[in-house]
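# Summary of the model geometry
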Amino acid sequence: MRYLDAGQVVVSNLLLYNYRDLGLDESEFILILQLLSRDQQGKTVDLNEISQAMHLQDSQLGEVLRGLLEKKILRLVTKTDAAGKKYDKYDLSLLYAKLFKFQNELQEKQVAKQAQTDAKSVYQGIEVEFGRPLSPMELQTIDLWLNTEKYPPELILLALKEAVLNQVYNLKYIDRILLSWEKQNIKTSADVLRNQQKRRHAFENTERPKERGNRAKPSIPMYDWSKDD
């Protein structure tokens, strides 16, 4: 019960796992936790109490505080209470701003890393299906698809699959598929699936077999993209 009665402090895992990347050392991090604890409890900050909790002399705690102020993690602001009395408060809004910026940068790095991985899968996938290394001209074409035309990697791989199903192993054919899809506003794998289903239904409705009987139909009808307008 004493453990529960002591209360708890809520700390973002982003801060907990990345305080070093924010330029904080252990003493600065613990001091921030001390300040957060008192802020969340609505208690006035008592530096003597904090220095005792951290086993620091007043001068040592002062050095840690100055470090946080210089790093623009913390700032001292003047507030006015309900009785009109002014008091100083340690404000952590700068820390939150840094955390927000750090999170955005982290997400951007993750997105860039994923994009690099997806692009690599395109190059490797085409090389595997073609059964040979890509030429400099082919590498340039793929780079154009990814970085200029901004075709999603998953769409390029689906166009590759269409080409392989038609037993055509060149980038010009894949390019015609991508251009056709672009004209039809096909941008995702779900769009491709709907397009395939539409083609399949059209194929089944127009096919007139000369002999009736049980015979297997291809799940995806072959389509000659070289004749596509």
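Source: prediction; values computed, not measured. (Residues numbered from 1 in each chain as written. Predicted model: local features only at pLDDT ≥ 70, side-chain atom pairs only at ≥ 80, totals over all residues. Heavy atoms only, no water.)

### Side note on unusual backbone geometry
- Located in the positive-phi region is H55, a residue other than glycine, with phi close to 60°.
- In this fold, H55 is placed in the loop between α4 (47-53) and α5 (58-70). (Helix = DSSP H or I, 4+ residues; strand = E, 2+ residues; numbered from the N terminus.)

### Regarding the pattern of salt bridges
- A full pass over the atoms with the stated rule returns eight salt bridges.
- E26 is the salt-bridge partner of R20, the closest N and O atoms lying 2.8 Å from each other.
- Exposure remark for E26: the relative accessible area of 40% places this residue in the partly exposed category.
- The closest approach of N and O atoms between R75 and D91, which form a salt bridge, is 2.7 Å. Of this pair, R75 sits in strand β1 (residues 75-80) while D91 sits in strand β2 (residues 86-91), and the two are 16 residues apart along the sequence.
- Taking the relative accessible area as the measure of exposure, R75 reaches 38% and is therefore partly exposed. (Salt bridge = Lys/Arg side-chain N within 4 Å of Asp/Glu carboxyl O. Buried < 20%, exposed > 50% of the residue type's maximum accessible area, 1.4 Å probe, protein only.)

### Quick look at the packing of aromatic side chains
- If you walk through the whole model with that rule in mind, you get two aromatic pairs.
- Judged by centre distance (4.3 Å) and plane angle (10°), the rings of Y19 and F29 are stacked. In this pair, Y19 is assigned in the loop between α2 (13-18) and α3 (26-41) and F29 in helix α3, connecting sequence segments ten residues apart.
- Their ring planes at 80° and their centres at 6.3 Å tell us that F130 and Y169 sit as a pair that is edge-to-face. (Phe/Tyr/Trp six-rings, centres within 6.5 Å; stacked < 30°, edge-to-face > 60°.)

### As for the side chain of E138
- Of note, E138 is situated in helix α7 (residues 136-147).
- Among the polar contacts made by the side chain of E138, one reaches the side chain of R132 at a distance of 2.6 Å.
- Once you skip the residues sitting within four places of it in the chain, E138 turns out to touch F130, R132, P133 and L171. (Polar contact = N/O pair within 3.5 Å; in protein donor to acceptor, adjacent residues only side chain to side chain. Contact = heavy atoms within 4.5 Å.)

### Description of the packing of helix α8 (residues 153-165) against helix α10 (residues 189-206)
- At a minimum axis distance of 9 Å, the contact between α8 and α10 shows a crossing angle of 30°. Judged by the inter-axis angle, α8 sits roughly parallel to α10. For the pair formed by α8 and α10, the contact residues are E154, L155, L158 and E162 on the first element and S189, V192, Q196 and R199 on the second.
- Residue composition of the contact of α8 with α10, grouped by class: three nonpolar, two polar and three charged. (Axes fitted to C-alpha atoms, helices over the stretch in contact; angles between N-to-C directions. Parallel < 35°, antiparallel > 145°, perpendicular 65-115°, else oblique. Nonpolar A, V, L, I, M, F, W, Y, C, P; charged D, E, K, R; others polar.)

### Notes on α5
- With 13 residues, α5 extends 18 Å between its outermost C-alpha atoms, agreeing within 8% with the 18 Å of an ideal straight helix rising 1.5 Å per residue.
- Residues of α5 that are buried: L61, G62, V64, L65, G67 and L68.
- Buried positions along α5 lie against α3, α4 and β2.
- Directly after α5, the chain includes K72, whose backbone phi takes a positive value near 60°. (Expected span 1.5 Å × (residues − 1).)

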